[in-house]
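What the coordinates show
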Amino acid sequence: MKKIDRMFRQHDVAPADVVSPLYRQLTQEWAELHVTPSTPVTVRRWGRAEKALAGFAMPGQIVDAIDAAGHDRTNELLLALIRLFQRGHQLAGRVVLQALLPKLAKTATHAGGMCTSSSDTWAEDRRHITLAEFWDVMADYPVERRTSSVASNPVSYTHLRAHETDSYLVCR
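What this report covers is the structure whose coordinates are included nearby. (Residues numbered from 1 in each chain as written. Predicted model: local features only at pLDDT ≥ 70, side-chain atom pairs only at ≥ 80, totals over all residues. Heavy atoms only, no water.)

**Description of the nonpolar core**
Among soluble globular proteins, nonpolar side chains are generally buried collectively. Keep this limit in mind: Here, nonpolar core refers to any group of buried Ala, Val, Leu, Ile, Met, Phe, Trp, Tyr and Cys residues whose side-chain atoms link them within 4.5 Å. We call a residue buried when its accessible area falls under 20% of the maximum for its residue type, exposed when it is over 50%, and partly exposed in between, using a 1.4 Å probe and counting protein chains only. Helix and strand definitions here come from DSSP, where helices need a minimum of 4 consecutive H or I residues and strands a minimum of 2 consecutive E residues; each element is numbered from the N-terminal end. Here, residues are in contact when the closest pair of their heavy atoms is within 4.5 Å.
Counting 39 residues, the largest nonpolar core has Tyr23, Trp46, Leu53, Ile62, Leu81 and Val96 as the members making the most contacts within it. The set of elements that each furnish at least two residues to this core consists of helix H2 (21-33), helix H3 (38-49), helix H4 (59-68), helix H5 (71-86), helix H6 (90-110) and helix H7 (120-140). Here this core takes 10 residues from H6, the largest share from any one element. Discounting chain neighbours no more than four positions away, the residues touching leucine 81 are Trp46, Leu53, Ile62, Ile66, Ala92, Val95 and Val96.

Below you can see the structure in the form of structure tokens.
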């Protein structure tokens, strides 16, 4: 497992060696969600609203299931979470974000396009832009129409939007 994948797959304890302030904040938040008493109650409630999520008690279990699942099951799980997110369940969106963070981190790395700056500030800006674009893409994702390649489509849309945003950023 690559370092970027390991960083986003520790559910109970935030990794200590995360350099990016944004990724450090996200990994700490993720670990905190797993000790928040309301989290398992919320996740179990999702199983009643979305059959695909029945049997899960913690967000990390869902992320692990997405990682281990075949294509159809991955689509089923992600679509259920995105539907919940679009109905106002922010935690469901956060689970999708966590599941796709390794891909989004790669997208953020490449969002600089022709920018050759190695500035940590610019790299962090690209990370923020990529995740903001992803959140926006997920809010409008057509769950009824786009039922396949759910692990790829939102990331691809985010990549395109991040490149659009990047086109007016000036590299330093």
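So much for the structure itself; the text now carries on.
**Things to note about H2**
To keep it simple, the criterion reads: Here, expected helix span is obtained from the residue count minus one, scaled by 1.5 Å. Working definition: the arc comes from the directions between the helix axis and the C-beta atoms, pointing outward to the latter. Contacts described as polar in this section are N or O atom pairs within 3.5 Å, which, within protein, must combine one atom able to donate a hydrogen with one able to accept it, while residues neighboring in sequence count only if both atoms come from side chains.
Helix length check: H2 (13 residues) gives 18 Å between terminal C-alpha atoms against 18 Å at 1.5 Å per residue, within 8%. Buried within H2 we find Leu22, Tyr23, Leu26, Thr27, Trp30, Ala31 and Leu33. Buried positions in H2, seen along its axis, are confined to an arc of 165° and lie on one side of it. Of the exposed residues in H2, those oriented more than 90 degrees away from the buried face are Gln25 and Glu32. Between the side-chain oxygen at the start of H2 and the backbone nitrogen of leucine 22 there is a gap of 3.3 Å, and the oxygen is on serine 20.

**Regarding the packing of aromatic side chains**
The cut-off we apply is this: Any pair of Phe, Tyr and Trp rings, taking the six-membered ring for Trp, is counted once the centres come within 6.5 Å. Such a pair is stacked with planes under 30 degrees apart, edge-to-face with planes over 60 apart, and tilted for the rest.
Inspection of the entire model under this criterion finds 2 aromatic pairs. An angle of 90° between the planes, with centres 5.2 Å apart, marks the rings of phenylalanine 8 and tyrosine 23 as edge-to-face. In this pair, phenylalanine 8 sits in the loop between helix H1 (3-7) and H2 while tyrosine 23 sits in helix H2, placing the two residues 15 residues apart along the sequence. Residue tyrosine 23 is classed as buried on the basis of its relative accessible area, which comes to 6%. Relative to tryptophan 135, the ring of phenylalanine 85 has its centre 4.8 Å away and its plane inclined at 75°; by these criteria the two rings are edge-to-face. Taken as a pair, phenylalanine 85 in helix H5 and tryptophan 135 in helix H7 lie far apart in primary sequence, 50 residues in all.

**A word on the pattern of salt bridges**
Stated precisely, the cut-off is as follows: The term salt bridge refers to a side-chain nitrogen of Lys or Arg lying within 4 Å of a carboxyl oxygen of Asp or Glu.
Using the criterion set out here, one finds 6 salt bridges in the structure. Arginine 94 is paired through a salt bridge with glutamate 29; the nearest N and O atoms lie 2.3 Å apart. Separated by 65 residues along the polypeptide, arginine 94 in helix H6 and glutamate 29 in helix H2 bring together distant segments of the chain. Between glutamate 124 and arginine 127 there is a salt bridge whose closest N-O contact spans 2.5 Å. Of the two residues, glutamate 124 and arginine 127 are both situated in helix H7; the distance of 3 residues between them amounts to about one turn of the helix. Arginine 127 gets classed as partly exposed once you look at its relative accessible area, which sits at 21%.

**A look at the side chain of threonine 130**
Here threonine 130 is to be found in helix H7. A distance of 2.8 Å separates a polar side-chain atom of threonine 130 from the backbone oxygen of arginine 126.

**Details of H5**
Over its 16 residues, H5 extends 22 Å from the first C-alpha to the last, a length consistent with the 22 Å expected when each residue adds 1.5 Å. Three or more residues of H5 are buried, namely Thr74, Asn75, Leu77, Leu78, Leu79, Ala80, Leu81, Ile82, Leu84 and Phe85. The first or second residue beyond H5 is glycine 88, which carries a positive phi of 105°.

**Observations regarding the packing of H4 against H5**
Axis angle and axis distance: for two packed helices, these are the angle between their axes and the distance between the axes, and together they describe the pair. The line we're drawing: The angle between two axes is taken between their N-to-C directions and runs from 0 to 180 degrees, where each axis is a line fitted to C-alpha atoms and a helix contributes only its stretch in contact. Residues are grouped as follows: Ala, Val, Leu, Ile, Met, Phe, Trp, Tyr, Cys and Pro are nonpolar; Asp, Glu, Lys and Arg are charged; every other residue, Gly included, is polar.
Relative to each other, H4 and H5 sit at 145°, their axes nearing to 8 Å. Counted together, Ile62, Ala65 and Ile66 of H4 and Thr74, Leu77, Leu78 and Leu81 of H5 form the full contact between these two elements. Partitioned by chemical class, the residues of the contact of H4 with H5 number 6 nonpolar, 1 polar and no charged.

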